[in-house]
Amino acid sequence: MAEKKEVETVKKEIDVAKEANEIGVAIAKILVTSNSALEDGFQAGQDIPTVLMGSYKELTDAIEGSEKVLKEFKSNPVESASGLVMPILEAVQAIRKKAKVAEVKGNVVSVKK
């Protein structure tokens, strides 16, 4: 069996577009709350309200700025794509590592192992 190689990484601070990032954070929050809610199996009456209420603030922030997203992508495509994708990738990475995700706040997904 082939040995799995670790990818060498470096930390970088980047600028991201605000409105696209808010959409990414909302999607990340839905992923995180869904994953947590489904740990004991799907229970519609319990899990759906947990996911909706757990991501309500992030969803409202994303909806409020949604009309500006297309302008952001036209004027700053790299910053917009980064803002949208980064929070989602962080949430997926945390879920794949089976980490306990503490919270999605601002543009940061806080992870506890």
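Structural data are supplied above this passage.
To start, this report covers the structure provided alongside it.

1. Quick word on the pattern of salt bridges
Any two side chains of opposite charge can pair, on the condition that their charged atoms come close. Counted by the stated rule, this structure contains three salt bridges. Across the pair Lys18 and Glu19 runs a salt bridge, and its minimum N-O distance is 3.5 Å. For Asp61, the salt bridge goes to Lys57, with nearest N and O atoms at 2.7 Å. Highlighted residues: Asp61 and Lys57, both in helix H3 (residues 56-64), separated by four residues, approximately one helical turn. What emerges from the salt-bridge pattern is a single network uniting Lys18, Glu19 and Glu22.

2. So, a nonpolar patch on the surface
A cluster of nonpolar residues, Leu38, Phe42, Ile48, Leu52, Met53 and Tyr56, forms a patch on the protein surface that exposes about 670 Å² of accessible area. When residues in the nonpolar patch are grouped by element, the largest group, three residues, is from helix H2 (residues 44-54). Among the structural elements, Met53 can be located in helix H2.

3. Considering the packing of helix H1 (residues 18-37) against H3
How two helices pack is summed up by the angle between their axes together with the distance between the axes. As a packed pair, H1 and H3 sit with axes 8 Å apart at the nearest point and diverge in direction by 155°. On the basis of the axis angle, H1 is roughly antiparallel to H3. Regarding H1 and H3, the two cross each other, and that crossing is left-handed. Residues Glu22, Ile23, Val25, Ala26, Lys29 and Ile30 of H1 touch H3, and the partners they reach there are Glu58, Leu59, Asp61 and Ala62. Its residues assigned to classes, the contact of H1 with H3 shows six nonpolar, no polar and four charged.

Thresholds, definitions, all that
- Residues numbered from 1 in each chain as written.
- Predicted model: local features only at pLDDT ≥ 70, side-chain atom pairs only at ≥ 80, totals over all residues.
- Heavy atoms only, no water.
- Salt bridge = Lys/Arg side-chain N within 4 Å of Asp/Glu carboxyl O.
- Helix = DSSP H or I, 4+ residues; strand = E, 2+ residues; numbered from the N terminus.
- Patch = residues over 30% accessible without salt bridge, like charges linked within 9 Å, V, L, I, M, F, W, Y side chains within 5 Å.
- Areas by Shrake-Rupley, 256 points an atom, 1.4 Å probe, with all protein chains shown as cover.
- Axes fitted to C-alpha atoms, helices over the stretch in contact; angles between N-to-C directions.
- Parallel < 35°, antiparallel > 145°, perpendicular 65-115°, else oblique.
- Left-handed = near helix turned anticlockwise from the far one by under 90°.
- Contact = heavy atoms within 4.5 Å.
- Nonpolar A, V, L, I, M, F, W, Y, C, P; charged D, E, K, R; others polar.

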